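# Reading the structure
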Amino acid sequence: MSFTSTDDQRQLADSIARYLADKYGFEQRNRICAGEGGWSRAVWAEFAELGWLGFPVAEEHGGLGGSTVDLALMLEAFGKALVVEPFIATIVLGAETVARADPARAAEILPSVVEGRRLLALAHGEPTSRYDLARVSTMATENDEGWVLDGHKAVVLHGDCADTLIVSARTGGRDDDRNGVTLFLVPGDAAGLTKRAYPTIDGLRGADLELDGVQVGRDAALGPKGGAVAIVEAVIDRACVALSAEAVGAMAATVALTTEYLKTRTQFGKPLGSFQVLQHRAVEMLSETQFAHALCYRTASLMDTATGAERSRAASAVKAEIGRAGKIVGEEAIQLHGGMGMTDEMAVGHYFKRLRLIDVAFGNTGHHLKRFIDLG
Amino acid sequence: MDVVLSPEEEAFRQDVMAFLKEKLPADIAEKTGNGFRISKDDHVRWQKILHEKGWIAPNWPVEHGGTGWTPMQKHIFDEECALAGAPMVIPFGVTMVAPVIMKFGNQTQKDRFLPRIHSSEDWWCQGYSEPGSGSDLASLRTKAVLDGDHYVVSGQKTWTTLAQHADWMFTLVRTSDAGKPQEGITFLLIDMKSPGISVHPITTIDGSAEINSVFLEDVRVPVENRIGEEGKGWTYAKYLLGHERTSIAAVGRSKAQLRKLKGIARTELAGGKPIIEDPDYARRLAQIEIDLLSLESLVLRTLYAESEGRPVGAEPSFLKIKGTQIQQGLTDLLMEAIGPYAAPFQPEAFRDDGWNEEPVGPDYGPALAPLYFNWRKASIYGGSNEIQKNILAKMVLGL
Ligand SMILES: Cc1cc2nc3c(=O)[nH]c(=O)nc-3n(C[C@H](O)[C@H](O)[C@H](O)COP(=O)(O)OP(=O)(O)OC[C@H]3O[C@@H](n4cnc5c(N)ncnc54)[C@H](O)[C@@H]3O)c2cc1C
């Protein structure tokens, strides 16, 4: 495990930060959020051009083969700027799932993803599965032409705009059997697929998907038949680290905004920051952020080599910690801003919402604590 | 563990329950139960029902239309109303400005304003805070200059809850810069239809529009709308703050919320089992329930002291802090209860403006995350929890 970043990594982080400072200020970000689709095709094209979409993707799949630490650096910068582009959905979840499930198909599909021409989404969770990755009841039934999919996928991140959906469905087993779930590639405009699209509380986009007799070809099945759960688990473990890095970025930005506010806002004839009780609270926020940052990068650095329970337990540790720390930092930031913190106009509330929604995604603190215990 | 009520109190509780059963409009109770926004019309409709029954103003003296209830009866009433899903009575008129008018207003003011507050003909808002004056309210700068028999008022009020509906605003204004800041403050009642007033909504982080900025530009306010003496506004405002002792704890509302939470926690599944059976979740739920019990215990003790005529000290500050922590804790567990379905933002589903599609996720889902975010306000307003602790440190500990 190495705590120093390489020159390349520093350069990557710097160039992303510069780009975002220039093109993705809070107001620009809000305009993007409010616009058609809730993200920007122009920005996405630039991400592709700058090589960022391919950065964490393997070289043999058209990417640059970056490590999980590289990915974390990117996400940390995204977190600071509250990026709402479909990066998690397409790259962290989508591309990674395809790559892990079926390297041959990945070589065929991912180049278009890396070039920004194809968006992906992972449609795995269901209305009653909550955070239980093995609980899948969407059914895949074999027929002459291939497979027919029926079921309901819940809160699919950027499921509204994906060109290709990766849908998990049962080809065997039942309820929460780990075996018997298979992945399928489904075109975003497939007949029998109904999308209920919505913005999410934190300004991203999502959709619930109803699959009602969706016919896909035999070649739509992706990866080992019945073996999807282990793949999705590995993908989500890494996504937990990516999201944690995003949270670390959001926390750092939140601490900076709050500190600035304490310095400038005066009450009782002095800056709020002169009240010792508020100083201590700001220091708590900073401290949470520091520890979260350290744990996040430590975990990122072992993600590419660790496997099985070791990997999962590490992912759960960081996700639980980020959920807990992000909640403290976010809630305190609002409190220390007083009424201003409650307004939609201030960036701090948007960081707070993102931090809380990161906890809600892929298993909250309670879930990951339990998983950490179970895997111990 | 229920509070032991005397036979009279129990009979009273039955009366209240029967009244609520008969008179609380089902559509309103349903909205409250689902966490939907309650419209102005709904509030007024319910408040008028209470007015007709004579139960709108339990905190008023009987001669003005109060109920003559004991503190315990008031508590029972609040609790039953909350549990039945009655919307809370908007406090600005009945609870806040009316006691000040009664205590410090002249007869003309009492005759003019109190009946219309009692009958909910007038909607009031509270114009205290300003952009530069929140916790340090006494630094307020909205200026009122005497010009013949009018004050000319200019400045900006902010965070003004539900000012968009208001007919009247009670406000603190600066009439003098001499002496201590508190001494130059005057209490004015301002007609919201006066020329020079503009109300601008402030959107909060949950996407709702319940607070406003109120701009005042050379607004002419008749001197007859001043309460008491010029320069004594601070004293009157402090009287108001001390007046409401226990309702700030919102025990009834939190009990209703806890009941709702348990219902949801029995329905929502994790690993195929209701989350109420998850040891970690159950433990946190139990902790809040216990907190609520201790909150109620201090409320009851305070009510008892009040009914014995003993002075109430620092309890309101303790109750405000604990009460809001519990409220926030409940909204946190509610949001957590629906797992990933906390994410979709579907304000149409709880704003009640004619949307009749099914929401994604459970019916009770869309309101919960916004409720959590909205409720962060509770530790900020009404004297922030930090300010309450400052008060306690000084008043109780003598630090
Ligand atoms: C949703 C909402 C509704 C409201 N409705 C109304 C209304 O209807 N009418 C009205 O007049 N006002 C209303 N308010 C305003 C409310 O009373 C103020 O927000 C509150 O007094 C805090 O002031 P502030 O927002 O300026 O925060 P500030 O006073 O700037 O405080 C910021 C932070 O610093 C802390 N702080 C300040 N001073 C100290 C100190 N000396 N020691 C330690 N900590 C300190 C505060 O606790 C807070 O955490 C509302 C506020 C909200 C959020």
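None of these values were measured; they are calculated from a predicted model.

All names here are of chain A. Within the chain, Arg 130 stands out as a residue other than glycine whose phi angle is a positive 50°. If you trace the backbone, Arg 130 turns up in the loop between strand E1 (120-123) and strand E2 (139-143). Assessed through its relative accessible area of 13%, Arg 130 is described here as buried. Of note in this structure, Val 155 is not a glycine but carries a positive phi near 45°. In this structure, Val 155 sits in strand E3 (residues 146-157).

Right, let's talk about the nonpolar core for a bit. Leu 20, Phe 47 and Phe 87 of chain A together with Val 153, Phe 187 and Leu 189 of chain B are the most contacted members of the largest nonpolar core, which has 206 residues in total. Per element, the largest residue contribution to this core is 20 residues, and it comes from helix H7 (residues 228-264) of chain A. Residues within four places of Leu 20 of chain A in sequence aside, it is in contact with Gly 25, Phe 47, Ala 77, Phe 78, Ala 81 and Val 83 of chain A. Within the second largest apolar cluster, 20 residues are counted, among which are Ala 162, Val 167, Phe 184 and Leu 209 of chain A.

Before going further, it helps to spend a moment on the site of the ligand. Neighbouring residues of the ligand: 30 residues in total, closest Gln 335 of chain A together with Ser 135, Thr 161, Ser 384 and Glu 386 of chain B. At the ligand, the nearby residues belong to more than one chain, namely chains A and B. At 2.7 Å, a backbone N or O of Gly 339 of chain A approaches an oxygen atom of the ligand. Bound to the protein, the ligand loses 95% of the 970 Å² it would expose on its own. For the shell around the ligand, the secondary structure elements donating two or more residues are helix H8 (276-303) and helix H9 (308-337) of chain A together with helix H13 (385-395) of chain B. Counting residues per element, the shell around the ligand draws most heavily on H13 of chain B, which supplies three residues. Its residues assigned to classes, the shell around the ligand shows 14 nonpolar, 13 polar and three charged.

You'll often see interface size given as the accessible area lost when the parts meet. With 42 residues of chain A at the interface, the matching set in chain B holds 50 residues. Between chain A and chain B lies a buried interface of about 3,600 Å² when both sides are counted; carbon and sulfur atoms form 60% of it. Our enumeration of links across chain A and chain B arrives at five salt bridges. For Arg 130 of chain A, the salt bridge goes to Glu 268 of chain B, with nearest N and O atoms at 3.1 Å. Along the contact surface separating chain A from chain B lie 26 residue pairs in polar contact (both at pLDDT 80 or more). Taken together, the elements giving at least two residues each to the side of chain A that touches chain B come down to E3, strand E6 (193-199), strand E9 (266-267), H8, H9, helix H10 (347-360) and helix H11 (365-374) of chain A. Per-element tally for the side of chain A that touches chain B: the top contributor is H10 of chain A, with six residues.

Below, the discussion takes up the pairing of strand E4 (residues 164-170) of chain A. All names here are of chain A. Of all seven residues in E4, seven are buried, a share of seventy percent or more. Of the two faces of E4, the one holding Thr 164, Ile 166, Ser 168 and Arg 170 and the one holding Leu 165, Val 167 and Ala 169 are both buried throughout. Sheet topology places E1 next to E4; four bridges connect them, and they run parallel. By the bridge assignment, Leu 120 is partnered in E4 with Thr 164. Pairing of E4 with strand E5 (residues 181-187) involves seven bridges; the strand directions are antiparallel. Bridge pairing links Val 167 to Phe 184 in E5.

All names here are of chain A. With respect to the secondary-structure elements, Val 84 resides in the loop between helix H4 (68-81) and helix H5 (87-101). Through-space distance from the C-alpha of Val 84 to that of Gly 38 is 7.5 Å; in sequence the pair is 46 residues apart. In this structure, Val 84 is in contact with Tyr 24, Arg 29, Ile 32, Cys 33, Gly 38, Trp 39, His 158, Gly 203 and Leu 204, ignoring residues within four places of it in sequence.

Attention now goes to helix H2 (residues 26-34) of chain A. Residue and element names in this part refer to chain A. Those residues of H2 lying buried are Arg 29, Ile 32 and Cys 33. What you see down the axis of H2 is that its buried residues fit within an arc of 100°, all on one side. In H2, the exposed positions angled more than 90 degrees off the buried face are occupied by Glu 27, Arg 31 and Ala 34. Where H2 is buried, its residues touch helix H3 (41-49), H4, strand E7 (205-217) and H10.

Residue and element names in this part refer to chain B. In the contact formed by helix H10 (residues 315-337) and H13, the axes pass within 9 Å of each other and the chain directions differ by 150°. Here H10 is positioned roughly antiparallel relative to H13, judged by the angle of their axes. By crossing handedness, the relation of H10 to H13 is classed as left-handed. Between H10, through Ser 317, Phe 318, Lys 320, Ile 321 and Thr 324, and H13, the contact on the second element is made entirely by Asn 385, Gln 388, Lys 389, Ile 391 and Leu 392. Each residue belonging to the contact of H10 with H13 can be placed in one class, and the counts come to four nonpolar, four polar and two charged.

Let us now look at the pairing of strand E7 (residues 211-222) of chain B. Residue and element names in this part refer to chain B. Bridge analysis of strand E3 (residues 150-157) against E7 gives seven bridges, and the strand direction is antiparallel. Each residue of the ladder has a partner; that of Val 152, found in E7, is Arg 220. The sheet contact formed by strand E6 (residues 197-202) and E7 spans six bridges and is antiparallel. Of the residues in E7, the one forming a bridge with Ser 198 is Phe 215.

Residue and element names in this part refer to chain A. On domain assignment, one finds that chain A holds domain 1 (7-118), domain 2 (121-226) and domain 3 (229-374). Here the C-alpha centre of domain 2 lies 23 Å away from the C-alpha centre of domain 1. With 21 residues of domain 1 at the contact, the number on the domain 2 side is 20 residues. For the domain 1 and domain 2 pair, buried surface summed over both sides reaches about 1,500 Å², with 63% attributable to carbon and sulfur atoms. The interface formed by domain 1 and domain 2 contains zero salt bridges. Of all the elements in the fold, those that place two or more residues in the side of domain 1 that touches domain 2 are H2, H5 and helix H6 (103-114). Tallying contributions element by element places H5 first for the side of domain 1 that touches domain 2, with seven residues. Looking at the side of domain 1 that touches domain 2, its residues break down into 10 nonpolar, five polar and six charged.

Further remarks concern the domain arrangement of chain B. Residue and element names in this part refer to chain B. Entries for chain B in the domain assignment read domain 1 (7-89), domain 2 (124-232) and domain 3 (245-395). The gap between the C-alpha centroids of domain 2 and domain 3 is 31 Å. With seven residues of domain 2 at the interface, the matching set in domain 3 holds eight residues. Buried area between domain 2 and domain 3, summed over both chains or domains, comes out near 530 Å², and the portion from carbon and sulfur atoms is 49%. Of all residues in domain 2, Ile 205, Asp 206 and Glu 210 give up the largest surface area on contact with domain 3, accounting jointly for 69% of the area buried on that side.

Moving on to the side chain of Glu 268 of chain B. You can see Glu 268 of chain B is positioned in the loop between helix H8 (251-267) and strand E8 (269-270). Assessed through its relative accessible area of 11%, Glu 268 of chain B is described here as buried. Within the structure, Glu 268 of chain B has its side chain in polar contact with the side chain of Arg 130 of chain A (distance 3.1 Å). Setting aside its immediate chain neighbours within four residues, Glu 268 of chain B contacts Arg 130 of chain A together with Lys 273, Pro 274, Ile 275, Ala 337, Ile 338, Pro 362 and Tyr 364 of chain B.

Attention now goes to the packing of aromatic side chains. Summed over the entire model, instances satisfying the criterion amount to 27 aromatic pairs over all chains. Between the aromatic rings of Phe 170 of chain B and Phe 187 of chain B, the centroid separation amounts to 6.0 Å while the plane-to-plane angle is 5°, which identifies the pairing as stacked. Of this pair, Phe 170 of chain B sits in strand E4 (residues 168-174) while Phe 187 of chain B sits in strand E5 (residues 185-191); the two residues are 17 residues apart in sequence, bridging distant segments of the chain. Exposure class is identical for Phe 170 of chain B and Phe 187 of chain B. Each is buried. Among the aromatic residues, those joined into a ring-pair cluster are Tyr 19, Trp 39, Trp 44, Phe 47, Trp 52, Phe 78 and Phe 87 of chain A. Looking at Arg 313 of chain A, its charged tip hangs above the ring of Phe 372 of chain A, at a distance of 3.8 Å from the centre. In this arrangement the basic side chain of Lys 53 of chain B is found over the ring face of Trp 55 of chain B, its NZ or CZ atom lying 4.7 Å from the centre.

The rules behind these values
- Residues numbered from 1 in each chain as written.
- Chains lettered and ligands numbered in written order.
- Predicted model: local features only at pLDDT ≥ 70, side-chain atom pairs only at ≥ 80, totals over all residues.
- Heavy atoms only, no water.
- Helix = DSSP H or I, 4+ residues; strand = E, 2+ residues; numbered from the N terminus.
- Buried < 20%, exposed > 50% of the residue type's maximum accessible area, 1.4 Å probe, protein only.
- Core = buried A, V, L, I, M, F, W, Y, C linked by side-chain atoms within 4.5 Å.
- Contact = heavy atoms within 4.5 Å.
- Near = heavy atom within 4 Å.
- Polar contact = N/O pair within 3.5 Å; in protein donor to acceptor, adjacent residues only side chain to side chain.
- Areas by Shrake-Rupley, 256 points an atom, 1.4 Å probe, with all protein chains shown as cover.
- Nonpolar A, V, L, I, M, F, W, Y, C, P; charged D, E, K, R; others polar.
- Buried area = accessible area lost by both parts, 1.4 Å probe.
- Salt bridge = Lys/Arg side-chain N within 4 Å of Asp/Glu carboxyl O.
- Pairing = 2+ DSSP bridges.
- Arc of directions from axis to C-beta.
- Axes fitted to C-alpha atoms, helices over the stretch in contact; angles between N-to-C directions.
- Parallel < 35°, antiparallel > 145°, perpendicular 65-115°, else oblique.
- Left-handed = near helix turned anticlockwise from the far one by under 90°.
- Domains from an automatic or database assignment.
- Phe/Tyr/Trp six-rings, centres within 6.5 Å; stacked < 30°, edge-to-face > 60°.
- Lys NZ or Arg CZ within 6 Å of the ring centre and 35° of its normal.

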